Amino acid sequence: MLNPRSLVEDRTYLRHFWHPVCTLAELEAAGPDGAGPIGAKLLGEPLVIVKLDGRMRAMRDRCAHRFAKLSGGKIVENRLQCPYHGWQYNADGRCGKIPAAPSDAIPRKAFVPSYECEVKYDIVWVRLDSSWDATTIPHCGAWDNDEYKKVIVAQPYNWASSAERRWENFTDFSHFAYVHPGTLYDPAYSEPAIVPMDRVDGELRFFMEPGKDMLDTLPPDSPLGSWTYRAAMPFTVNLDIRLYKNDQPFLLWTTSSPIDDENCRNFMIIAHTDPDMPDSTPLDFQKLVLAEDQPVIETQPGDLSLEEVSLPTDKVSNQYRKWLRELAMGAMEGREGFRKALLTNTYESV
Ligand code: FES
Ligand code: CO
């Protein structure tokens, strides 16, 4: 069996970050009162998301009784009821009612672990380990920004790829000419720029200006412009575009949520300034781009390997990998090591 040397052997440090698990629209469609429950999976952990007592909750999706999935249950008496024998769980994950033995004391171990859960950008976010409290939900420039007349929260899509690979794919300059000729790029521009990169407040920041001449050859929906990246570690990219065609801002925001080591669930927000443009226009264009990427990226192993051959033109992914490794190593030292790795700023740009 192939045994590549892993860049990061232990992915548990990812539990300290906030990750999206579903959109609000998905949760609202999942139950009769718009409160769920809905199942999700994050870093191998099955989760049930449900709104109880007016707040979003994330719990382990496994009933304490016989381990049935609570996401197949329903909300009864403001509790989450297991579909198998009807045990009912309170908002804090403690069992509050056992129909088979209503007059007995509820066993002390009759609870499911719960996790920190928030709604932001119409997306439900979960942090599996909040013990260090060292991370925040990533920035999205589409919110609280009057410049944008339309903000679209897309339907999430799953890839059989690790979240790390998906992140690298989104920010990889030298694949545009090969995977997206005529869509995002002109093959004549296969030599990418090597850009300065900063680490600022847990974000990798860089700027890239693709050739303006490509305007003549690319379709009008292609978001060609100057690209400003704010990439909150580990899996979010906020891409601010200033379109060449009309000098208007256009925002492409993506987060890859790690389902497990080999699968990710991707969330996308698109924001633009044209109130008359149907949502299908930018969404269909992104679908086209994703359909070009997906079959290639799904052939890569999930694991990033130290044996992969890197070039100076792979600078973005090289710097990303360096930081991932520092975060994983920092986490092994504990809270301070992790915070230092995440929050020490470094600047290459002036
Ligand atoms: Fe949930 Fe029995 S497995 S109540
Ligand atoms: Co691509």
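Before reading on, note that the structure itself is shown above.
Just so it is clear, the structure is predicted and the values come from calculations on it, not from any experiment.

Analysis parameters
- Residues numbered from 1 in each chain as written.
- Chains lettered and ligands numbered in written order.
- Predicted model: local features only at pLDDT ≥ 70, side-chain atom pairs only at ≥ 80, totals over all residues.
- Heavy atoms only, no water.
- Buried < 20%, exposed > 50% of the residue type's maximum accessible area, 1.4 Å probe, protein only.
- Helix = DSSP H or I, 4+ residues; strand = E, 2+ residues; numbered from the N terminus.
- Pairing = 2+ DSSP bridges.
- Core = buried A, V, L, I, M, F, W, Y, C linked by side-chain atoms within 4.5 Å.
- Contact = heavy atoms within 4.5 Å.
- 1 Å grid on protein atoms, 1.4 Å probe; cavity = no way out; pocket = protein on both sides within 12 Å on 5 of 7 lines; lining within 4 Å.
- Points joined across faces, edges and corners; volume = space filled by probe spheres on them.
- Nonpolar A, V, L, I, M, F, W, Y, C, P; charged D, E, K, R; others polar.
- Salt bridge = Lys/Arg side-chain N within 4 Å of Asp/Glu carboxyl O.

Colleague: Help me out: how do you make sense of the pairing of strand β1 (residues 18–23) in this one?
Modeller: The two faces of a sheet get side chains in turn, since along a regular strand they alternate between them. Burial analysis of β1 places 6 of its 6 residues in the buried class, which makes it a mostly covered element. In the sheet, β1 pairs with strand β10 (residues 123–127) via 5 bridges, with the strands oriented antiparallel. Following the sheet pairing, W18 is matched in β10 by R127.

Colleague: Whenever I open this one, the nonpolar core confuses me. Can you help?
Modeller: Where a protein is soluble and globular, its nonpolar side chains tend to be buried together. Formed by 74 residues in total, the largest nonpolar core has its most connected members in Y13, I49 and V126. Leaving out residues up to four positions away in the same chain, I49 has contacts with V21, L27, G36, P37, I38, M56, R57, A58, V124 and V126. Within the second largest apolar cluster, 16 residues are counted, among which are L52, L80, A91 and C95.

Colleague: Mind showing me how you'd approach empty space enclosed by the protein here?
Modeller: Empty space among the atoms becomes apparent when a probe as large as a water molecule is rolled across them. Evaluation of the coordinates by the stated rule reveals 4 cavities of 30 Å³ or more. Quantified by volume, the largest cavity comes out at close to 200 Å³. What lines the largest cavity is a set of 18 residues, and nearest its centre among them are F170, F176, L184, L252 and V289. Contributing elements (two or more residues each) for the lining of the largest cavity: α2 (163–171), β15 (225–232), β16 (236–243) and α4 (280–297). Looking at the lining of the largest cavity element by element, the count peaks at 4 residues for α4. A per-class count over the lining of the largest cavity returns 12 nonpolar, 4 polar and 2 charged. The volume enclosed by the second largest cavity comes to roughly 110 Å³. Lining the second largest cavity are 13 residues, and of these F173, T313, D314, K315 and V316 sit closest to its centre. The set of elements that each furnish at least two residues to the lining of the second largest cavity consists of α2 and α5 (315–333).

Colleague: What am I meant to see in the pattern of salt bridges here?
Modeller: A side chain with one charge may pair with a side chain of the opposite charge, provided their charged atoms come close. In total, this model carries 23 salt bridges according to the counting rule given. The partner of E164 in a salt bridge is R11, and the shortest N-O contact between them spans 2.7 Å. Of the two residues, E164 is situated in helix α2 and R11 in the segment before β1; the sequence distance between them amounts to 153 residues. For E164, a relative accessible area of 6% corresponds to the buried category. Residues joined in a network through salt bridges with shared partners are R165, E168, E308 and R321.

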